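Read off the chains here:
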Amino acid sequence: ELKVEQNPLFLSMQEGKNYTIYCNYSTTSDRLYWYRQDPGKSLESLFVLLSNGAVKQEGRLMASLDTKARLSTLHITAAVHDLSATYFCAGESGGGADGLTFGKGTHLIIQP
Amino acid sequence: GAGVSQTPSNKVTEKGKYVELRCDPISGHTALYWYRQSLGQGPEFLIYFQGTGAADDSGLPNDRFFAVRPEGSVSTLKIQRTERGDSAVYLCASSLSGGPSEQYFGPGTRLTVT
């Protein structure tokens, strides 16, 4: 059974700083996903990482995947207030199922 | 284009009642997923449809939960004899096909069982 762990679960940081959110998963996952969720809203897809060594960037966010270490990271560069949200990573459960297994999320607050 | 839509957006019901939650996927998406998200947690997988059939229902917590997708488009999640522990946001997602296709989420239905 796939388990996904994120850390930290809560992060308060200042604008302009850099930080990394970590996502560890327990068994093989073919793909790794990152989602953003604003309060009271649904999930917005950020990145889909398909293979070992994959790196994707969008604006101030960059995600990477190391399948050997079973680790994905979401790096925030020069944070701005608009990036305040909860970020989830998710892996595929495997065994023929296509449902995603989510971490508990990282609640990110970026203060001016 | 139109995204995934879910109705109602909020549902309050009494313990023991029956509820139905509806999901309209993105047009042309053959795969449809239901998840449940409790406060402060990540979404939890419930069931996955490929076309009209439930390809994986391993996430349904018990036999009070049932979902259908009779024509391969709209899906209904049905909960019988609701319990207070069923209170959560129920999210629906769809993708172009199963497997590596990206899942797009709807706004969710917030279910409160009193």
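The rules we used
Residues numbered from 1 in each chain as written. Chains lettered and ligands numbered in written order. Predicted model: local features only at pLDDT ≥ 70, side-chain atom pairs only at ≥ 80, totals over all residues. Heavy atoms only, no water. Core = buried A, V, L, I, M, F, W, Y, C linked by side-chain atoms within 4.5 Å. Buried < 20%, exposed > 50% of the residue type's maximum accessible area, 1.4 Å probe, protein only. Helix = DSSP H or I, 4+ residues; strand = E, 2+ residues; numbered from the N terminus. Contact = heavy atoms within 4.5 Å. Pairing = 2+ DSSP bridges. Axes fitted to C-alpha atoms, helices over the stretch in contact; angles between N-to-C directions. Buried area = accessible area lost by both parts, 1.4 Å probe. Salt bridge = Lys/Arg side-chain N within 4 Å of Asp/Glu carboxyl O. Polar contact = N/O pair within 3.5 Å; in protein donor to acceptor, adjacent residues only side chain to side chain.

Trainee: Just to check I follow, could you spell out the nonpolar core for this structure?
Mentor: Soluble globular proteins tend to bury their nonpolar side chains together. Counting residues in hydrophobic clusters, the biggest one holds 24 residues, and the most contacted among them are A:Leu32, A:Trp34, A:Leu74 and A:Tyr87. Elements that contribute at least two residues to this core include exactly strand E2 (10–14), strand E3 (19–25), strand E4 (32–37), strand E5 (43–49), strand E7 (61–66), strand E8 (71–76), strand E9 (85–94) and strand E11 (106–111) of chain A. The residues contacting A:Leu74, other than those within four sequence positions of it, are A:Tyr19, A:Thr20, A:Ile21, A:Trp34, A:Phe47, A:Leu61, A:Met62, A:Ala63 and A:Tyr87. By size, the runner-up hydrophobic cluster in this structure holds 20 residues, among which are B:Val19, B:Trp34, B:Phe49 and B:Leu77.

Trainee: For this particular structure, what's the right way to read the sheet that holds strand E8 (residues 75–79) of chain B?
Mentor: As a general point, the strands of a sheet are linked pairwise by backbone hydrogen bonds and lie either parallel or antiparallel. All names here are of chain B. The 4 strands are arranged E1-E3-E8-E7 in an open sheet whose pairing can be described as antiparallel. Looking at the sheet topology across the chains shown, the edges are occupied by strand E1 (5–7) and strand E7 (65–68). Neighbour to neighbour, the strand axes of the sheet diverge by 15 degrees on average, direction disregarded. Looking at chain direction, E7 and E8 are connected through 4 bridges and run antiparallel. What sits directly across from alanine 67, in E8, is leucine 77.

Trainee: I keep staring at the environment of B:Val19 and nothing clicks. Help me out?
Mentor: All names here are of chain B. Within the element layout of this structure, valine 19 appears in strand E3 (residues 19–24). Judged by its relative accessible area of 2%, valine 19 is buried. It is 7.6 Å that separates the C-alpha atoms of valine 19 and threonine 82, two residues lying 63 residues apart in sequence. Ignoring any residue separated from it by four or fewer positions in sequence, one finds valine 19 in contact with Lys11, Thr13, Leu77, Lys78, Ile79, Thr82 and Leu111.

Trainee: Explanation requested: the interface of chain A and chain B in the structure shown.
Mentor: A common way to report how large an interface is uses the accessible area buried once the components associate. Residue-level contacts link 17 residues of chain A with 20 residues of chain B. When chain A packs against chain B, the two sides together hide about 1500 Å² of surface, and 54% of this comes from carbon and sulfur. The tally of links from chain A across to chain B stands at 0 salt bridges. For the pair chain A and chain B, the interface holds 5 residue pairs in polar contact (both at pLDDT 80 or more). Taken together, the elements giving at least two residues each to the side of chain A that touches chain B come down to E4, E5, E9 and strand E10 (97–102) of chain A. Sorting elements by how many residues they give to the side of chain A that touches chain B places E10(A) first, with 5 residues.

Trainee: What is the right way to read the pattern of salt bridges from this model?
Mentor: Charged atoms that come close allow side chains of opposite charge to pair. Inspection of every chain in the model, using the stated rule, returns 7 salt bridges over all chains. Among the ionic pairs, A:Glu1 bridges to A:Lys3, the shortest N-O distance being 4.0 Å. Because the salt bridges share partners, they merge into one network encompassing B:Arg64, B:Glu83 and B:Asp86.

Trainee: Please clarify how unusual backbone geometry should be interpreted in this entry.
Mentor: Glycine aside, residues mostly have negative phi, and peptide bonds are mostly found in the trans state. Following A:Asn7, the chain continues into A:Pro8 via a peptide bond in cis, with omega recorded as -5 degrees. Secondary-structure assignment places A:Pro8 in the loop between strand E1 (4–7) and E2. Cis geometry is adopted by the peptide bond preceding B:Pro8, which originates at B:Thr7 and carries an omega value of -10 degrees. Among the secondary structure elements, B:Pro8 is positioned in the loop between E1 and strand E2 (10–13). The phi angle at A:Arg70 is positive, at roughly 55 degrees, despite the residue not being glycine. Even without glycine at this site, B:Arg81 takes up a positive phi of about 45 degrees. Tracing the backbone through its elements, the reader meets B:Arg81 in the loop between E8 and strand E9 (88–95).

What is shown is where atoms sit, not what they do.
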